[in-house]
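# Structural overview for review
So the chains spell out like this:
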Amino acid sequence: MLGRPEVSVVVISYNDAGRVGRAVRSLYGQSLRNLEIIVVDDASTDETERVVRRLPGVRYVRREQNSGGCGAPRNDGIDAARAPFIMFLDSDDELPRHACKSLLTEIERTGSDFVAGQISRLYESSGKTKPYYPELFSPRRVVDGIRAEPKLFLDGFSTNKLYRVDFLRRHQLRFREDLHYEDHVFTADLYAAAERFAIVPWVVYHWHRVPGRGVSISLNLREVNNARQRVAAAEAADEILRRNGLADLVPDRQVRFVKQDLRVYLNALPYHDASWAQELAAVAGPYLERLAPGVLAKADPMVRVCCTLIQQGRIDELAVAARSLTGPKAPPREVLVEGGRTYWGDRKDPALDITNLGLAGLPFTATRIRHEVTDISINAATLAMEITTYDPFQVIKPDYHATMKIDHHEVRLTPKPQPNATYLTTLTLDLAKFQDLGGFHEPRIAFTRQDGKTTSDRVLISPTTHPIPVNLRGRRITIGPHSAAGVLRLTWLRTDMVHTIARTPWLKPHARKLRALPTKARHHLGSRRIKLSVYKQLIKFVPQRKDLVLFEADAGKGYTGHPRYIHEELLKRGLGLTAVWSRAKGKFPTDVATVRRMSWRHVWTMARAGWWVDSHGMPLGFPKPTGTRYLQTWHGQGIKTVGLNAPDLRGDFPGPREEWRANVARWDALVSPSAEFERTFVPSNEYAGLVLRFGSPRCDVLVKGDPAARARVRDHLEIPPDKKILLYAPTYRDQNKMSGKSVRINLSELATHLSHEWVLILRTHPVDTYQVPERLRGFVRPAGAYPEINDLLLAADVLVTDYSSLMCDFALTGKPMVFYIDDWEEYRRAERGVTYDFPAIAPGPCVTTTADLLTALREPYHLERYAAFLTTWCADERGDAAARIVSAFFEGRPLTVREKARR
């Protein structure tokens, strides 16, 4: 260290010899080198002192007596600090590499009293991280006192902040030493004193979360005294605000208690017995009674329900409600639906209003039904259960077919109606019949209507139930609860010889090799490299089948796109060709022959097929056999960059670019929907072969129409006949595939304004995924797995998209479009990139906020631009593209002069 340190980091530790070194090493790795590292040992009785004294460059401060908390050692750190700025670090956590430097730069730049950054929970069992209330820390900003943003009371941590030491000492800001959760009291004092502080959105603290309970003060929930300490901290924080003339902000701080502090104990409540719940209610109830008016109304509906049940002393019902807070969120046993509102239980009490959960508006296939195991026993391999089914939304009818589903196994059930409007099911399972299963499985009870629609929900069991082990030949099955909801889970563990060896200590080092031998051999023989080597030999001597056509759409993801309609045209013509489809996943008609993509059979089919028809690209690196004709249909047109100009190929890296050029060189003909497509796509891919500009096979149905499509969509997605359909189909973001970040519209706000008149169909791109919140399922129908996009286009009244090529298809319907492009500048500059000034040519309004979208839906047409768009992209769409392509490519119809000119 040179001269005075710039930042002091105070590491507090107690009996944490195994982790304190990790915390200090995270400080050694800081990009800010001029640090003072102070370790305050709270009178540890383990090897902490020996470990710390061996760490170079560390000031070691040892307390004579253990304080029982974190306040006293942190105060010792403040007193010992020699730098002008200070941070706090717990010995079981870490700082990211640039935490100190970035916070120091920010506090010096802004002149703030302190600066706070994002805290990230790091789950050691999985290695995954999760930010704490990320919306609090974005955007980067300076806040002129807590009154400007009282929502920041939710950030009650002391460890994600860098402070001016003179500010702390001038205002005598100290940590309470007589209670736990001193952070909450300290930050109340901090916010009351600070005139100006900064917020940054990046992660500055890794809060390690270790499996198991009771490993830290904040996670030790076995004793209700823990909750008593948290309530005392909340009361002390409230008093600080009142004493500093901020009494009007007390309700905002109390929102934190309801949303965060009490929630910790409510989440844990299902794991405890009735006496623990009774004690918790006795501790929390008086403080809940003293909450300012309106605080509970800001809580999540089920948290508010739990608080109300505590206040009303309904402890048995509290235990039921708490299981609806986390994880799968168990459905209620009973609800009251009246006047368009939904109430938990059987009382019309505004405090029990759960309308915003959206449970009453769910379609049948998503309806929540509660199945509780009320009795369970095991005799040898026979599992016997009694299950009570609660139907809170009264959707079950006597003629519905009931089954229990465990993976692919189905067991027929006979639920018997009970006088209290529940159903009782008694069943026995011979577990020996489930020997083909492995891993864990969660049984679901399903009810199927006469029209084939099925709704199912998990089976629940008390979270306090002790796991039941069952030993079978070669397997051990454990039956027990999972998560606070108490989901019934059956876990299969192999106990055959190899796995027995794996658990034998002196053979354990060899178990991995024993298990891997057959797997390694299979993986080696089934590797892409081996298959490619064999394939290259096969195509030299295997005779081709001129009657065999290998189809593939979207790398085998479905029976769809242009290849589907070309296939159907071939069937219609009866040319004597045999079609086989490459299949990776997705649904295929039962009468369509498929082969698993990149299996040995698929390799054999590629080598023998006389025709390839594909919409994206047959497996890269596999040369086309001599004599095979390859029709590349592609899968859309539009404004985005493609081919060698796309982000993954535009870089100057010869390997991927040459591989793509070799892929393109295999094409014998390219389907072209328009002259504009040819102008951009052909040069972007350096394609020099035959171009068939006959329009798009998949768009033929959009030109001709299909009256049954709308009915199919409404039936499949359970859309009421009186609701209009808004199709939202965003494209993916190259830098955030499979993240759900393409869904940029505020669906909650949209539902508030439109759900009375519209249903929104959400069709994400195949390389993205988005989980629709249950509370929105009454308004949003997820349709990522719907087999045919054309049905959705024909059913929709309006399309909302961004940069998706679907706009060119949908334009053929003549129906309005709105374009939600809030990230236009980022998308065109740093993301995918575009070849057009899209806002200037879009055939509909371009909006960047949900409010603007709502306005645009009232007047969505830009008629002149719509007409120009059709002329540019859709002039060749006549409804006979598939027929003309089959005639030219498969039947050898002579090309016209114009078609020859495009060779």
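Here is what the cut-offs are and how they apply
Residues numbered from 1 in each chain as written. Predicted model: local features only at pLDDT ≥ 70, side-chain atom pairs only at ≥ 80, totals over all residues. Heavy atoms only, no water. Core = buried A, V, L, I, M, F, W, Y, C linked by side-chain atoms within 4.5 Å. Buried < 20%, exposed > 50% of the residue type's maximum accessible area, 1.4 Å probe, protein only. Helix = DSSP H or I, 4+ residues; strand = E, 2+ residues; numbered from the N terminus. Contact = heavy atoms within 4.5 Å. Pairing = 2+ DSSP bridges. Axes fitted to C-alpha atoms, helices over the stretch in contact; angles between N-to-C directions. Phe/Tyr/Trp six-rings, centres within 6.5 Å; stacked < 30°, edge-to-face > 60°. Salt bridge = Lys/Arg side-chain N within 4 Å of Asp/Glu carboxyl O. Polar contact = N/O pair within 3.5 Å; in protein donor to acceptor, adjacent residues only side chain to side chain.

## Let's talk about the nonpolar core
One finds V258, W344, M385, M404, L429, L431 and I479 to be the most contacted residues of the largest nonpolar core, which totals 85 residues. For this core, the leading source of residues is helix α9 (residues 274-289), giving eight residues. Excluding anything up to four places from it in sequence, L431 contacts I378, A381, L383, V470, L472, I477, I479 and L490. If you look at the next biggest cluster of nonpolar residues, it comprises 52 residues, including L550, V592, L670 and F694.

## Thoughts on the sheet that holds strand β32 (residues 758-762)
On the basis of which strands lie adjacent, the open sheet formed by six strands has the order β33-β32-β31-β34-β35-β36 and parallel pairing. Every other strand in the sheet has two partners, leaving β33 (780-782) and β36 (846-847) as the edge strands with one partner each. Pairing geometry for strand β31 (residues 724-728) and β32, over five bridges, is parallel. Across the sheet, the residue bridging to K724 is W758, located in β32. Helix α26 (residues 850-858) rests against β31, β34 (798-801), β35 (817-820) and β36 of the sheet, and its axis sits at about 170 degrees to β35.

## Brief notes about the packing of aromatic side chains
Note on aromatic pairs: each is described by the distance of the centres and the angle between the planes. Going through the model one piece at a time under the given rule, you end up with 33 aromatic pairs. Here the aromatic rings of F677 and F681 are separated by 4.6 Å at their centres, their planes lie at 15 degrees, and the arrangement is stacked. Here F677 and its partner F681 are both found in helix α18 (residues 675-684), four residues apart, which amounts to about one turn of the helix. Neither F677 nor F681 differs from the other in exposure class; each is buried. Residues Y803 and Y827 carry aromatic rings whose centres are separated by 4.0 Å and whose planes lie at 20 degrees to one another, so their mutual orientation is stacked. With Y803 in the loop between β34 and α23 (806-810) and Y827 in helix α24 (residues 824-829), the pair connects residues that are 24 residues apart, well separated along the chain. Both residues of the pair, Y803 and Y827, count as buried. An aromatic cluster of three or more residues is present, and its members are F88, F114, F153, Y163, F175, F186, Y191 and F197.

## Thoughts on the environment of V115
Mapping V115 onto the fold places it in strand β5 (residues 114-123). Assessed through its relative accessible area of 0%, V115 is described here as buried. Taking C-alpha positions, V115 is 8.5 Å from N160, a pair spaced 45 residues apart along the chain. In this structure V115 touches L103, E106, I107, N160, K161, L162, A198 and V200, once residues within four positions along its chain are discounted.

## Overview of the pattern of salt bridges
Under the defined criterion, the tally for this structure stands at 64 salt bridges. A salt bridge links R573 to E891; the nearest nitrogen and oxygen atoms lie 2.7 Å apart. Remark: E891 occurs in the loop between α28 (881-889) and α29 (897-901) and R573 occurs in helix α15 (residues 561-573); sequence separation between them is 318 residues. Taken together, the shared-partner salt bridges in this structure form one network comprising R733, R744, D802, D822 and D823.

## Details of the side chain of D41
Tracing the backbone through its elements, the reader meets D41 in strand β2 (residues 35-41). By relative accessible area, which is 0% here, D41 ends up buried. Of note is the side chain of D41, whose polar atom sits 2.6 Å from the side chain of Y60. A polar contact is formed between the side chain of D41 and the side chain of R62, at a distance of 3.0 Å. In contact with D41, not counting residues within four places along its chain, are S13, T48, E49, Y60, V61, R62 and R63.

## Some details on the side chain of T633
With respect to the helices and strands, T633 occurs in the loop between β28 (629-632) and α17 (654-665). Apart from the residues within four sequence positions on either side, T633 is in contact with H562, P563, I566, V613, D614, S615 and V671.

## What about the environment of R4?
By the secondary structure assignment, R4 is in the segment before β1 (7-13). Not counting the four nearest positions on each side in its chain, R4 is found in contact with N34, R82, A83 and P84. Polar side-chain contacts of R4 include one of 2.8 Å to the backbone oxygen of R82.

## Some words on unusual backbone geometry
Residue P139 is reached from S138 by a cis peptide bond, and omega for that bond is 5 degrees. Note on placement: P139 falls in the loop between β6 (129-131) and β7 (141-143). With phi around 55 degrees, D407 is a residue other than glycine that occupies positive phi space. Within the secondary structure, D407 sits in the loop between β14 (401-406) and β15 (409-412). The class of D407 is partly exposed, set by a relative accessible area of 46%. Positive phi outside glycine occurs at E718, with the angle close to 55 degrees. With respect to the element layout, E718 can be found in the loop between α20 (707-717) and β31.

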